[in-house]
Number of protein chains: 2
Amino acid sequence: MDNQLKIRIITQEDLLKAGCFNVPEIIDIVKDAFVSRSKNEVVFPDKVSVIFDEECQNRINCLPAGIPKESVYGMKWVSVFPENPSKYGVQNLSAVILLSELEKGFPKAFMEGTLCSNLRTAATSAIAAEYLARKNSKTIGFIGAGEQAKTHFMTMKSVLPSIEICKISSRTQKSENEFVNVMSKLYPDVIFVKCNGVFENAARNSDIIVTAISGQEKILRGEWISEGSFYCHVGGLEDDFSVPYKANKIVCDDWEVVKHRTQTISRMFKLGLLTDDSIYCNLTELVSGEKEGRSSDDEFIYFNTVGMSYVDVKVANHMYKKVVDANLGHEVILQDRKMFEIDTKFMIK
Amino acid sequence: MDNQLKIRIITQEDLLKAGCFNVPEIIDIVKDAFVSRSKNEVVFPDKVSVIFDEECQNRINCLPAGIPKESVYGMKWVSVFPENPSKYGVQNLSAVILLSELEKGFPKAFMEGTLCSNLRTAATSAIAAEYLARKNSKTIGFIGAGEQAKTHFMTMKSVLPSIEICKISSRTQKSENEFVNVMSKLYPDVIFVKCNGVFENAARNSDIIVTAISGQEKILRGEWISEGSFYCHVGGLEDDFSVPYKANKIVCDDWEVVKHRTQTISRMFKLGLLTDDSIYCNLTELVSGEKEGRSSDDEFIYFNTVGMSYVDVKVANHMYKKVVDANLGHEVILQDRKMFEIDTKFMIK
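Residues numbered from 1 in each chain as written. Chains lettered and ligands numbered in written order. Predicted model: local features only at pLDDT ≥ 70, side-chain atom pairs only at ≥ 80, totals over all residues. Heavy atoms only, no water.

**Quick word on the packing of helix α4 (residues 114-132) of chain B against helix α5 (residues 147-159) of chain B**
The geometry of a pair of packed helices is captured by two quantities: the angle between their axes and the separation between those axes. Residues and elements named next belong to chain B. The condition that has to hold: Angular values range over 0 to 180 degrees, each being the angle between N-to-C directions of two axes fitted as lines to C-alpha atoms, with helices fitted over their stretch in contact. The numbering of helices and of strands both runs from the N terminus, where a helix is a DSSP run of H or I of at least 4 residues and a strand a run of E of at least 2. For classification purposes, angles smaller than 35 degrees are called roughly parallel, those larger than 145 roughly antiparallel, those between 65 and 115 roughly perpendicular, and all remaining angles oblique. Handedness of a helix crossing follows the sense of rotation of the near helix relative to the far helix, less than a right angle counterclockwise being left-handed and clockwise being right-handed. We call two residues in contact when some of their heavy atoms are within 4.5 Å. In this classification, Asp, Glu, Lys and Arg are treated as charged, Ala, Val, Leu, Ile, Met, Phe, Trp, Tyr, Cys and Pro as nonpolar, and every other residue, Gly included, as polar.
For the pair α4 and α5, interaxial distance at closest approach is 8 Å and the crossing angle is 40°. As the angle between them shows, α4 and α5 are arranged oblique. For the pair α4 and α5, the sense of crossing is right-handed. Two secondary-structure elements touch here, α4 through Asn118, Leu119, Thr121, Ala122, Ala123, Ser125, Ala126, Ala129 and Glu130 and α5 through Glu147, Gln148, Thr151, His152, Thr155, Met156 and Val159. Here the contact of α4 with α5 is built from residues that sort into seven nonpolar, seven polar and two charged.

**Comments concerning the sheet that holds strand β3 (residues 58-67) of chain B**
All names here are of chain B. What counts is decided by this rule: Should DSSP find at least two bridges between two strands, the strands are regarded as paired.
Here seven strands make up an open sheet; going across it, the order is β2-β3-β4-β5-β6-β1-β15 and the pairing mixed. Strand pairing shows two members of the sheet lacking a second neighbour, β2 (48-53) and β15 (330-335), which therefore form its edges. Taken over all neighbouring pairs, the strand axes of this sheet differ in orientation by 20° on average, direction set aside. Taken together, the five bridges between strand β5 (residues 93-101) and strand β6 (residues 107-112) define a ladder with antiparallel strand orientation. Bridge pairing links serine 100 to proline 107 in β6. Most of the contacts of α4 go to β5, to which it runs at about 95°, and overall it touches β4 (72-80), β5 and β6.

**Here's the deal with the relation of the copies chain B and chain A**
Note the threshold: A least-squares superposition brings the copies together, and it is based on the C-alpha atoms of residues with pLDDT no lower than 70 in both.
Take chain B, turn it by 180°, move it 0.0 Å along the axis, and it overlays chain A with an RMSD of 0.0 Å. Such values leave the two copies arranged in the relation of a two-fold axis. Taken together, the interface assignments show that 100% of the residues at the interface of chain B recur at the interface of chain A, consistent with an identical surface on both copies.

**Focus: the interface of chain B and chain A**
Here is the rule we go by: Accessible-area loss on putting two parts together, using a 1.4 Å probe and summing over both, is the definition of buried area adopted here. Two N or O atoms form a polar contact when they lie within 3.5 Å of each other; inside protein one atom must be a possible hydrogen donor and the other a possible acceptor, and for residues adjacent in sequence the pair counts only when both atoms belong to side chains.
Opposite the 78 residues of chain B that make contact, chain A presents 78 residues. In total, chain B and chain A occlude about 7200 Å² of area from one another, counting both sides; carbon and sulfur atoms represent 73% of this. When the area that chain B buries against chain A is broken down by residue, the three leading residues are B:Met339, B:Phe340 and B:Lys349, summing to 11%. Between the two partners, chain B and chain A, sit 21 residue pairs in polar contact (both at pLDDT 80 or more). The residue inventory of the side of chain B that touches chain A, partitioned by class, reads 48 nonpolar, 19 polar and 11 charged.

**Concerning the environment of B:Gln91**
The following threshold applies: Any residue under 20% of the maximum accessible area for its type is buried, any over 50% is exposed, and the rest in between are partly exposed; the area is computed with a 1.4 Å probe on protein chains only.
By secondary structure assignment, the location of B:Gln91 is in the loop between α3 (84-88) and β5. Owing to a relative accessible area of 6%, B:Gln91 belongs among the buried residues under this scheme. Distance from B:Gln91 to B:Val80, taken between C-alpha atoms, is 9.0 Å for residues 11 residues apart in sequence. A distance of 3.0 Å separates polar atoms of two side chains, one belonging to B:Gln91 and the other to A:Gln335. For B:Gln91, the side chain forms a polar contact with the main-chain oxygen of B:Leu93, separated by 2.9 Å.

**Re the environment of A:Ala247**
Residues and elements named next belong to chain A. Position of alanine 247 among the secondary structure elements: in the loop between α8 (242-246) and β12 (249-252). Under the relative-accessibility criterion, alanine 247 is labelled buried at 17%. Taking the C-alpha atoms as reference points, alanine 247 and phenylalanine 300, separated by 53 residues in sequence, lie 5.2 Å from one another. Here alanine 247 is in contact with Phe300 and Tyr302, once residues within four sequence places are set aside.

**Re α4(B)**
For the α-helix, the turn length of 3.6 residues means that residues three or four positions removed from each other point alike. In plain terms, the rule: The span expected for a helix works out to 1.5 Å for each residue beyond the first.
The terminal C-alpha atoms of α4(B), which comprises 19 residues, lie 27 Å apart, in line with the 27 Å expected from a rise of 1.5 Å per residue. Taking burial as the measure, the 19 residues of α4(B) include 17 buried ones, the bulk of the element.

**Looking at the packing of α4(B) against helix α12 (residues 309-325) of chain B**
Residues and elements named next belong to chain B. Two numbers describe how α4 lies on α12: the axes approach to 9 Å, and their chain directions differ by 120°. Accordingly, the angle class assigned to the pair α4 and α12 is oblique. Our pair here, α4 against α12, has a crossing hand that is right-handed. Within the contact between the two elements, α4 uses Leu115, Cys116, Ser117, Leu119 and Arg120 and α12 uses Val311, Asp312, Val315, Ala316 and Met319. Of the residues that constitute the contact of α4 with α12, the class distribution is seven nonpolar, one polar and two charged.

**Re the pattern of salt bridges**
Heads up, the condition is: When a carboxyl oxygen of Asp or Glu is within 4 Å of a side-chain nitrogen of Lys or Arg, the pair counts as a salt bridge.
Tallied over the entire structure, the rule returns 35 salt bridges over all chains. Across the salt bridge formed by A:Asp276 and A:Lys259, the nearest N and O atoms sit 2.9 Å from each other. Of the two residues, A:Asp276 is situated in the loop between α10 (264-270) and β13 (281-282) and A:Lys259 in the loop between α9 (255-258) and α10; the sequence distance between them amounts to 17 residues. A salt bridge links B:Glu217 to B:Arg171; the shortest N-O distance between them is 3.3 Å. You can see B:Glu217 sitting in the loop between β10 (208-211) and β11 (230-233) and its partner B:Arg171 sitting in the loop between β8 (165-169) and α6 (173-186), a full 46 residues away along the chain. The class for B:Glu217 is partly exposed, based on a relative accessible area of 42%. We classify B:Arg171 as partly exposed; its relative accessible area is 44%.

**Focus on the sheet that holds strand β8 (residues 165-169) of chain A**
All names here are of chain A. Here eight strands make up an open sheet; going across it, the order is β9-β8-β7-β10-β11-β14-β12-β13 and the pairing parallel. Of all strands in the sheet, those bounded by a partner on one side alone are β9 (191-194) and β13. Judged from the two bridges that link them, β12 and β13 form a sheet pairing that is parallel. Bridge pairing links cysteine 252 to asparagine 282 in β13. This element, helix α5 (residues 147-159), spans β7 (139-143), β8, β9, β10 (208-211) and β11 (230-233) of the sheet and lies at about 165° to β7.

**Focus: unusual backbone geometry**
We note that A:Asn327 has phi near 55°; this positive angle belongs to a residue other than glycine. Its location among the elements puts A:Asn327 in the loop between α12 (309-325) and β15 (330-335).

**Considering the pairing of β5(B)**
Residue and element names in this part refer to chain B. Counting buried positions along β5 gives eight out of nine residues, so the element sits mostly inside the fold. Across nine bridges, the pairing between β4 and β5 is antiparallel. Bridge pairing links valine 80 to leucine 93 in β5. Between the end of β5 and the start of β6, which pair antiparallel, lie five residues, with glycine 105 showing a positive phi angle near 85°.

**Things to note about the packing of aromatic side chains**
Our working definition: Planes of paired rings set the category: under 30 degrees apart is stacked, over 60 is edge-to-face and the rest tilted, where pairs are Phe, Tyr or Trp rings (Trp by its six-membered ring) whose centres lie within 6.5 Å. Think of it as a cone above the ring: NZ of Lys or CZ of Arg counts as a charge over the ring if it is within 6 Å of the ring centre and within 35 degrees of the ring normal.
For the coordinates displayed, the defined rule picks out 25 aromatic pairs over all chains. With centroids separated by 5.0 Å and ring planes inclined at 85°, the aromatic side chains of B:Phe44 and B:Tyr310 adopt a geometry described as edge-to-face. Of this pair, B:Phe44 sits in the loop between α2 (23-38) and β2 while B:Tyr310 sits in helix α12, placing them 266 residues apart in sequence. Exposure remark for B:Tyr310: the relative accessible area of 0% places this residue in the buried category. Taken together, A:Phe142, A:Phe153, A:Phe179, A:Tyr187 and A:Phe192 form an aromatic cluster joined through their ring pairs. Just above the ring of B:Phe241 sits the side chain of B:Lys218; from NZ or CZ to the centre is 3.9 Å. One cation-aromatic arrangement involves B:Lys291 over B:Tyr280; the distance from NZ or CZ to the ring centre is 5.0 Å.

Structure below.
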């Protein structure tokens with residue numbers, strides 16, 4: 001009996017070198033994931049979320065999901081320790097992904113997870129923008145300038161090439177500078193405008209507004225929003241209740257999941273300020289064609305994303321295949337033989 | 001900001017070479033885990049169990065748990081695909097373990113998990129035997145001769161050095177031979193008796209009976225059990241209802257968990273043949289001294305184990321430290337810098 005168990009270990013560098021940071025490709029894969037979901041082809045158990053410190057909200061989430069038809073089941077393991085940057089000078093977030101095949105049930109890959117996680121989030125928002133933003137959108141405004149904001153700019157620009165102006169606002173000048181430095185090299189034809197921390201300037205007169213900022217603060221206000229615009233809510237509590245109130249349509253990636261969280265519209269739901277009927281539809285219904293997206297140029301449409309673990313697993317599995325094809329990552333023999341087939345000299349009675 | 005993320009990859013070979021297969025040490029660690037549990041120091045969310053095929057019961061379990069006081073939270077990921085041996089000639093089980101530290105929340109180790117899992121199961125049973133078997137137990141009988149049986153023999157012999165005779169029964173002659181070949185080298189003073197597949201012979205007149213066999217079959221019968229013996233139930237359904245009926249005491253590792261599973265006593269509970277009052281206590285209560293174990297030489301005591309994920313995490317963390325001390329395993333840089341600090345040439349727009 002061959003009992004050797006191998007797994008491929010994949011770093012972020014492997015993913016990048018294998019060409020996994022491919023915006024149009026990831027958008028297609030995420031769209032496929034939503035199609036699979038609408039056909040009931042995904043396994044999607046509840047996440048396990050443990051908060052280790054109520055005060056600073058240190059937490060680790062374990063998000064298992066699978067697509068049996070594609071012979072894959074896996075898990076994203078994400079930590080969020082908000083005080084890391086101030087306390088230790090390191091990032092607040094880490095993510096790893098484990099994938100198993102479903103023929104023999106063996107684990108096949110263990111990979112860095114923030115690349116996949118960031119890309120799938122931004123791709124989800126871009127798919128929403130494709131259905132819900134005005135086709136001729138020219139101006140995009142960001143509240144928050146971190147990795148999520150940068151990735152969102154790339155995916156949004158991919159689905160809406162009409163974007164010409166990008167306004168960027170952040171709590172620090174440094175983040176705005178970094179955003180513009182990196183993005184202006186990648187997109188020399190786009191005009192990047194730093195807002196020097198004035199969030200209102202990023203939001204006013206923008207066709208698309210994206211909030212992707214840490215901290216639980218109601219920054220975005222209803223009166224800053226222009227008629228006909230599209231708002232993409234990525235984080236937790238980032239907007240005033242006046243924003244959802246103003247919306248002609250509210251769309252979620254998955255309202256049943258969103259309603260149990262602590263995002264703006266989840267809070268409003270718990271307070272009785274919103275009901276199930278306030279939600280126009282889920283993104284899956286737009287992708288499957290069951291619902292139409294934007295129906296007029298005047299609508300203000302609100303999109304709320306929480307992130308779906310089956311999308312992570314779908315994207316991670318796609319990345320895994322690319323890494324294998326590129327002969328990258330490295331295989332580790334987790335187990336060579338069964339325990340008692342090995343020299344018993346290692347066993348202490 | 002230093003955003004390098006490293007993780008140590010640990011194979012079964014690394015674990016063995018680092019001296020992690022250390023029976024007395026693991027027993028102590030598992031005992032500590034039960035003490036932590038009795039002091040409410042463990043985080044122990046529900047496991048996520050997904051069955052991919054109802055007929056052949058292919059499944060993957062995701063079992064997160066942590067001990068915040070020891071700054072560790074982790075997860076065991078176990079697959080059980082019963083048809084693997086017959087269909088592909090490979091083992092039916094695989095397990096990997098992921099560990100994170102709780103200062104910054106970063107993952108610190110990814111390791112092979114069957115070694116840890118087997119040892120913690122066998123150590124749990126041995127701790128039960130320490131409290132519940134007769135001190136002068138001489139004869140142990142096994143139904144099932146696989147890895148669990150072998151590991152159980154080692155842990156049982158460690159807590160009850162009085163064991164002199166070991167009877168071994170299995171569905172195949174080959175397994176019985178393998179058991180005796182390996183174990184007689186490790187324990188030259190013990191008499192090993194092959195039962196040639198006659199399970200009854202392994203059970204009759206034994207001071208300790210262990211069932212550790214795959215397949216859901218009521219093998220062990222009440223009439224085979226001697227007065228004063230200790231029975232350790234490791235698998236699923238392995239004994240007739242007459243066995244728990246005969247018991248003077250039934251002890252579990254955790255009855256609240258056991259009662260929702262599909263083991264013999266769980267089934268009897270669901271059928272109304274047992275109640276909460278039928279259970280004498282949990283193992284934690286014996287270890288903490290709240291309850292006394294065996295009170296006379298005549299009692300027949302039944303122990304049922306399901307396995308607790310906080311024990312896996314405790315043992316895995318102990319093993320991790322030994323591997324680090326021995327400078328084994330290998331460190332992988334999962335992420336060197338943040339995504340957008342890396343050359344944008346890898347990014348496809």
